[in-house]
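# Structural characterization, general
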Amino acid sequence: MQIFYNQNLAQFTTYKIGGTAKTIFVAQTKSDLVSAHSLYGGYPLGNGSKLLISDAGFDGNIIVNRAGAFVFDENGVWAESGVSLPMLVAQSVKRGFTGLEFACQIPATVGGAVVMNAGAFDKSIGDMVKYIEVLRDGEIVKLTAEQCGFRYRTSAIKNSGDLVLGARINLQVGEGKQKITMAISGRKNQPSGKSCGSVFKNGEQKSAMLIEKAGLKGLRVGGAIISPQHANFIINDGGATASDVYTLIRTAKARVYADFGVRLQEEVIYLGEFL
Ligand SMILES: Cc1cc2nc3c(=O)[nH]c(=O)nc-3n(C[C@H](O)[C@H](O)[C@H](O)COP(=O)(O)OP(=O)(O)OC[C@H]3O[C@@H](n4cnc5c(N)ncnc54)[C@H](O)[C@@H]3O)c2cc1C
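We now turn to the structure provided with this report. (Residues numbered from 1 in each chain as written. Predicted model: local features only at pLDDT ≥ 70, side-chain atom pairs only at ≥ 80, totals over all residues. Heavy atoms only, no water.)

Broken down by element type, the chain carries 6 helices and 18 strands. For the chain, the C-alpha radius of gyration of 19 Å lies close to 19 Å, the compact-globule estimate for 275 residues. With respect to the three principal axes, the spread of C-alpha positions in the chain is 50 × 45 × 30 Å. Relative to its 275 residues, the chain shows a buried fraction of 50%. For the chain, the share of sequence-separated contacts (at least 6 apart) that also reach a separation of at least 24 residues comes to 63%. In the form shown here, the chain has an accessible surface area of approximately 12800 Å², with 49% of it arising from carbon and sulfur atoms. With 29 positive and 23 negative side-chain charges, the chain shows a spacing of 5 Å between the two charge centroids. (Helix = DSSP H or I, 4+ residues; strand = E, 2+ residues; numbered from the N terminus. Rg over C-alpha atoms; globule rule 2.2 N^0.38 Å. Buried < 20%, exposed > 50% of the residue type's maximum accessible area, 1.4 Å probe, protein only. Contact = heavy atoms within 4.5 Å. Areas by Shrake-Rupley, 256 points an atom, 1.4 Å probe, with all protein chains shown as cover. Lys, Arg positive; Asp, Glu negative; His and termini not counted. Charge placed at Lys NZ, Arg CZ, Asp CG, Glu CD.)

Rendered as structure tokens:
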């Protein structure tokens, strides 16, 4: 296990934004994860692809999860929670399995995907999970998919204090290559650049449409911009601070509420202090 002191967290996020943390444990194995969590505790970080971390950093320990072992059998795969989801999709298709292709471009770890019930094209990881293993109060506990309480882009595990150690994912035997091609072409409009994916959850009306109708596409604060391509993406266009992104989030919420009476709800997760 690697340990860093007072290091910048930006490198552990897809936004490439964020101040320092007192201690960062980088867990390479499941036993690293268990030790770090049991001995020191800390905020679990997967691939940091849903996080906006404060410029002031985080006053506590961070456990970066790189536990990357996985085992396939005839019905699917057992994957440790630090496994990269796109890599797992590629491995499952290579072995002649289908079912996970919708997730081929979700830059998550398995653990982060389970906690957020990540999904695309009307499918979510929760549809595929048979059971997971979590560390709860120092004990390893198995939870069925039902006990995970999967809902739209969240689960009962989020904010529960449980640390996801791994997940058993059901797969079917079948050809997946074409579904990958379709999933990639279905996301052609997704902006490139450093982001956290969709900033806001979609309600009855799509958040991107509301932000666009409010005339906010292309609005820039410092190094952050509401994507001219997809209004639910705020991009770090170079040197953005968390405060730049946060200002755009607050502006979008205020304008959409003023114009349409709709309260946008963040999907992005804040870590650290935001004033
Ligand atoms: C370009 C881009 C495209 C995206 N597209 C999609 C998409 O199509 N669909 C979608 O749903 N999301 C999408 N996302 C968002 C993001 O990838 C998902 O929300 C993903 O599930 C986050 O996983 P992560 O491993 O990065 O988690 P992180 O961002 O590191 O963490 C998210 C939350 O999960 C918690 N967590 C992480 N790991 C664990 C663990 N092992 N145990 C307990 N808690 C844990 C964290 O503490 C945090 O609260 C996109 C993001 C980007 C940057």
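Still more to cover.
For the coordinates displayed, the defined rule picks out 8 aromatic pairs. Among the aromatic residues, those joined into a cluster by ring pairs are Phe70, Phe72 and Phe97. Over the ring of Tyr131 we find Lys142, and its NZ or CZ is 4.1 Å from the ring centre. Seen from the ring of Tyr257, Arg263 lies directly overhead, with NZ or CZ sitting 4.1 Å from the centre. (Phe/Tyr/Trp six-rings, centres within 6.5 Å; stacked < 30°, edge-to-face > 60°. Lys NZ or Arg CZ within 6 Å of the ring centre and 35° of its normal.)

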